[in-house]
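# Structural description and commentary
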Amino acid sequence: MNPDIKKEREQRTFDPKNITCQLFGKDVMNLRQIAYEKANADPEFKVAEKFSTMPRDEVYDQSVKLYTILAQKAKEYGYDKSENNAMTFFTQAALVSTTSPFNLHHSMFIPTILSQGTDEQIAEFLPQAQAYEIIGTYAQTELGHGTFLRGLETTATYDRAKEQFIIHTPSITSIKYWPGGLGKTSNYAVVMAQLIINGKKYGMHAFLCQLRDLSDHKPMPGVELGDINRKFGYDSSDNGFLRFSNYRIPRKNMLMKYAKVSADGEYHRDKIPQIAYLSMVLLRMLIVLGSGDDLAQAATIATRYSAVRRQTANSQGVEPQVLDYQTQQMKVFPAISSAYAIFFTGFTLRNIYQEILSSVEAGDTSRLAEIHCLTSSLKAYASDVACANIEVCRRSCGGHGYSHASGIPKIYLRCVPGCTYEGDNTVMYLQCARSLLKFLMKGQAGEKLPVMMRVLSDPLDVPPMLKSAQTFNFDLYTLAFKLNSLLLITDVAGRMQECIFSESMNEEQAWNMHSQGLVDAAKAYAMFLTSTIFVDILKRSDWEAKAKAAMAQVCEFYLVNNVLENSGSFLKNNVISSQQVDILIARRMELLKELRPNAVALVDAFDYPDRLLNSCLGRYDGNVYEALYEYAKSSSLNQHQVHPSFHKYIKPMREALKAKL
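The paragraphs below set out a description of the structure included in this document. All chains use their own residue numbering, which begins from 1 and follows the written sequence. The model is predicted, so local features are restricted to residues of pLDDT at least 70 and side-chain atom pairs to those at 80 or more, both for listing and for counting; the totals for chains, interfaces and linings are taken over all residues. The basis for every side-chain value is the complete set of heavy atoms in the structure, and neither hydrogens nor water enter the calculation.

Another aspect to go through is helix α16 (residues 515-537). Count 3.6 residues to each turn of an α-helix, and residues three or four apart come out pointing the same way. Spanning 23 residues, α16 covers 33 Å between terminal C-alpha atoms, matching the ideal 33 Å at 1.5 Å per step. A large share of α16 lies buried, amounting to 17 of its 23 residues. Only runs of H or I of at least four residues qualify as helices and only runs of E of at least two qualify as strands under DSSP, and these elements are numbered from the N terminus. Each helix should span, by expectation, one fewer than its residue count multiplied by 1.5 Å. Remark: exposure states derive from per-residue accessible area (1.4 Å probe, protein chains only) relative to the maximum for the residue type, with buried under 20%, exposed over 50%, and partly exposed in between.

The residues that make up patches have over 30% relative accessible area and no salt bridge, and they are joined within 9 Å when like-charged or within 5 Å when they are Val, Leu, Ile, Met, Phe, Trp or Tyr. Working definition of accessibility: Shrake-Rupley area with a 1.4 Å probe, residue cover restricted to the visible protein chains. We define a salt bridge as a contact between a side-chain nitrogen of Lys or Arg and a carboxyl oxygen of Asp or Glu at a distance within 4 Å. On the surface, a cluster of nonpolar side chains totalling about 430 Å² of accessible area is made up of Tyr649, Ile650, Met653 and Leu657. Assignment of secondary structure puts Leu657 in helix α23 (residues 644-659).

What makes two strands pair is DSSP finding at least two bridges between them. Pairing of strand β2 (residues 155-159) with strand β3 (residues 164-168) involves five bridges; the strand directions are antiparallel. Among the inter-strand pairings, Ala156 is bridged to a residue of β3, identified as Ile167. In this sheet, strand β9 (residues 247-250) lies alongside β3 in antiparallel orientation, the contact comprising four bridges. Each residue of the ladder has a partner; that of Gln164, found in β9, is Pro250.

Angles run from 0 to 180 degrees between N-to-C directions of axes, and those axes are lines fitted to C-alpha atoms, restricted for helices to the stretch in contact. Packing of helix α2 (residues 16-24) against helix α3 (residues 26-41) leaves a shortest axis separation of 7 Å and a crossing angle of 105°. Between α2 and α3, the crossing angle belongs to the class labelled roughly perpendicular. Two secondary-structure elements touch here, α2 through Lys17, Thr20, Cys21 and Phe24 and α3 through Lys26, Val28, Met29, Arg32 and Gln33. Grouping the constituent residues of the contact of α2 with α3 by class yields four nonpolar, two polar and three charged. An angle below 35 degrees is read as roughly parallel, one above 145 as roughly antiparallel, one from 65 to 115 as roughly perpendicular, and any other as oblique. Contacts are residue-level and defined by heavy atoms, with any inter-residue pair within 4.5 Å sufficient. Residues are grouped as follows: Ala, Val, Leu, Ile, Met, Phe, Trp, Tyr, Cys and Pro are nonpolar; Asp, Glu, Lys and Arg are charged; all remaining types, including Gly, are polar.

Let us now look at the nonpolar core. As used in this record, nonpolar core signifies buried Ala, Val, Leu, Ile, Met, Phe, Trp, Tyr and Cys residues forming a set joined through side-chain atoms within 4.5 Å. Within the largest apolar cluster, 168 residues are counted, with the highest numbers of intra-cluster contacts made by Tyr340, Tyr525 and Met551. Top contributing element to this core by residue count: helix α9 (residues 326-361), with 17 residues. Those residues in contact with Tyr525 that lie beyond four places of it in its chain are Cys373, Leu374, Ser377, Cys432, Leu436, Met452, Met453, Val455 and Ser485. Ranked by size, the runner-up nonpolar core spans 26 residues in total, among them Val191, Ala193, Phe207 and Met254.

Below, the discussion takes up the environment of His217. Mapped onto the secondary structure, His217 falls in the loop between β6 (200-210) and β7 (223-227). Look at His217 and you get partly exposed, because its relative accessible area is 28%. With 190 residues separating them along the chain, His217 and Asp27 place their C-alpha atoms 41 Å apart. If we ignore the near neighbours within four places in the chain, the residues touching His217 are Lys184, Thr185, Ser186, Asn187 and Arg212. Each polar contact in these results corresponds to two N or O atoms within 3.5 Å; when the atoms are within protein, one needs to be able to donate a hydrogen and the other to accept it, and residues that are neighboring in sequence are counted only if both atoms are side-chain atoms. A distance of 3.5 Å separates a polar atom in the side chain of His217 from the backbone oxygen of Thr185.

Take the sheet that holds β7 next. By way of backbone hydrogen bonds, the strands of a sheet pair with one another, either parallel or antiparallel. The strand order across the open sheet formed by three strands is β4-β8-β7, and the pairing between neighbours is antiparallel. In this open sheet, the two edge strands, each paired with only one partner strand, are β4 (176-177) and β7. Of the strand pairs in this sheet, β4 and strand β8 (residues 240-244) are connected by two bridges, and their pairing is antiparallel. Looking at β8, one finds that Tyr177 is bridged to Phe241.

Before going further, it helps to spend a moment on the environment of Glu133. With respect to the helices and strands, Glu133 occurs in the loop between α7 (119-130) and β1 (136-139). Once the C-alpha coordinates of Glu133 and Leu214 are considered, the two residues, 81 residues apart in sequence, prove to be 7.3 Å apart. In this structure Glu133 touches Gln128, Asn187 and Leu214, once residues within four positions along its chain are discounted.

A word on the side chain of His105. By the secondary structure assignment, His105 is in helix α6 (residues 103-116). Within the local environment of His105, its side chain forms a polar contact with the backbone nitrogen of Gly136, the two atoms lying 2.9 Å apart.

This part is about the packing of aromatic side chains. Put simply, two rings from Phe, Tyr or Trp (the six-membered ring, in Trp's case) pair if the centres are within 6.5 Å, and we call them stacked under 30 degrees between planes, edge-to-face over 60, tilted for the rest. Considering all chains together, one arrives at 28 aromatic pairs under this definition. Joined through ring pairs, the aromatic side chains of Phe24, Tyr36, Phe89, Tyr340, Phe343, Phe344, Phe347, Phe534, Tyr558, Phe606 and Tyr608 make up one cluster. Between Arg9 and the ring centre of Tyr620, over which it is positioned, the NZ or CZ distance is 3.5 Å. Positioned above the aromatic ring of Phe45, the side-chain terminus of Lys73 is 5.8 Å from the ring centre. Counting as a charge over the ring demands two things of the Lys NZ or Arg CZ atom: a distance within 6 Å of the ring centre and an angle within 35 degrees of the ring normal.

Relative to the elements of secondary structure, Asp238 occurs in the loop between β7 and β8. Neither His nor the chain ends contribute to the count of charged residues, in which Lys and Arg are positive and Asp and Glu negative. Although Asp238 is buried, it makes no salt bridge; Arg56 carries the closest opposite charge, 6.3 Å away. Every residue in contact with Asp238, bar those within four places of it in the chain, is listed here: Arg56, Tyr60, Pro101, Pro179, Gly180, Gly181, Leu182, Gly183, Lys184, Thr185 and Asp227.

Time to look at the packing of helix α8 (residues 278-308) against helix α11 (residues 408-415). Between α8 and α11, the least distance of the axes is 10 Å, while the angle of their chain directions is 165°. On the basis of the axis angle, α8 is roughly antiparallel to α11. The handedness of the crossing between α8 and α11 is left-handed. Touching Asp294, Gln297, Ala298 and Ile301 of α8 are Ile408, Ile411, Arg414 and Cys415, all from α11. A class-by-class count of the residues in the contact of α8 with α11 yields five nonpolar, one polar and two charged. Take the far helix as the reference: if the near one is turned anticlockwise from it by less than a right angle, the crossing is left-handed, and if turned clockwise, right-handed.

Here the focus is unusual backbone geometry. Of note, Trp178 is a non-glycine position whose phi angle comes to about 100°, a positive value. With respect to the secondary-structure elements, Trp178 resides in the loop between β4 and β5 (188-197). Of note, Asn574 is a non-glycine position whose phi angle comes to about 60°, a positive value. For Asn574, the position within the fold is in the loop between α18 (567-572) and α19 (578-595).

Dropping the structure here:
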């Protein structure tokens, strides 16, 4: 054990397990640890630690191989039937957080069948999917359109005579593009296509399409598909393209829980169209959780390394720990606090999603617009914040952060697509803003708003207790975030209305003229939600006292730092004064000192084993330099003391140049 990392753990004021328990719950915490230990002890999963150094074909091949082993062992352990994320934890540890080619099979394909299929369809397709007889993906994004669902061009035309849908790709821009697992792994897909009956369009619907023969895995006639080639990351995932040529599927393969097409071509819709977007809402919620997970891993690596690394001798000739420098603390502490904020927000959002899903299944669709607004804003905010802070964590590790040995590059490459897939973040903020404006108008008209939107009916006045505050408690912080959010929303709404009425703009022109203000308002709303949720978590009655005290410091740092980082809007809206900004700057400096003794303990509480981090810098024992040395020696270039290129190129060049002298 490195003496500096040992000292860090000796000076902590709380037991990290007490915070781990708050994150996951005691039962899940124990299950998670057992799943991690099983994966770590299994020699068949060892190869996953080397993925960052392998050619892409080999990474994909080994990812498929490991998942087939994993699936069988998960069944043996009972994880395949578990409803408490045991399978997720086991997969995460076994594949060392590498994205599995089977990811969308579990995260989108099966959930879509369950949420949008009839009882008969679930009975037919779910057992096959669970047994991997059919391996599915979710094909929505096209070459020409992604977030704009109504712009998708793939068609599903009903043939009444044969009781079949004809799935067709009418143009180059309508080729399905990007779905994970589509290229080589999947033999089925949920395909989002424009339903057409007797020449009339009925909007986007979900269809189960067989893509490959279930015996030899060859593409079905009328189906062209493959891998889309190298990407920024995700080498283990065969993101694919898909093109249909008048491909026929039986009528029963349209998922018909909420919309039906009878044998004679009659269309009936039971619920509002937005129900079809629940699968996307689910994935956006998962992106929030995944962003928190990725940021927590990066923060763990950066903080532990900062505790071990020493730099620049002081006047006593001693090189301090890098973590003792205030500038380094301002790199890692925002990452730690944001990771906790996103984690707690993700868990809360998951609970809200489950509540609304249960309501929908019971026939109540009144909160669909609410969950769309929440997941749009929080997906964008969480992935933006995570990616920005992961890069800061990488840079905080100096030159070693650029090496795959740090483990941070692969985390960044895994996290950054979340800013784009399932809705580009700018578009997500704008969708949130559109929803907020609608709810705002409803609130002004006296309508009762959904639970998470009722804040839009609150008064806009800054109360005296906030105006005169010399110290801030949690209630004042959250009030400031709420008012800043509300004032930004109402301000941009008022400016848009003024343009429409006084400058003769149409709504579309006014929207585009104020789109940046709308994005800013949506970001502020997401920040308000995250801050409020974080504070509410601390109100639980089951916190251990010392752990709660430490987490209260983390929470306050998150709040203070975000007010200061966005002080321009807080000042513009007169939510706080310039004098209060000075007070908060001083408080942030105090919090850095308060957090410092518990820095390593706070990341230990995320409870990531070394295998999962796969980082020389983030090792629990702090022996980073020994690990870096062994990592360097393992380079494939070191298989030869004299690399063949010397004799093939360098030596002949040298001799040729010498001969010309």
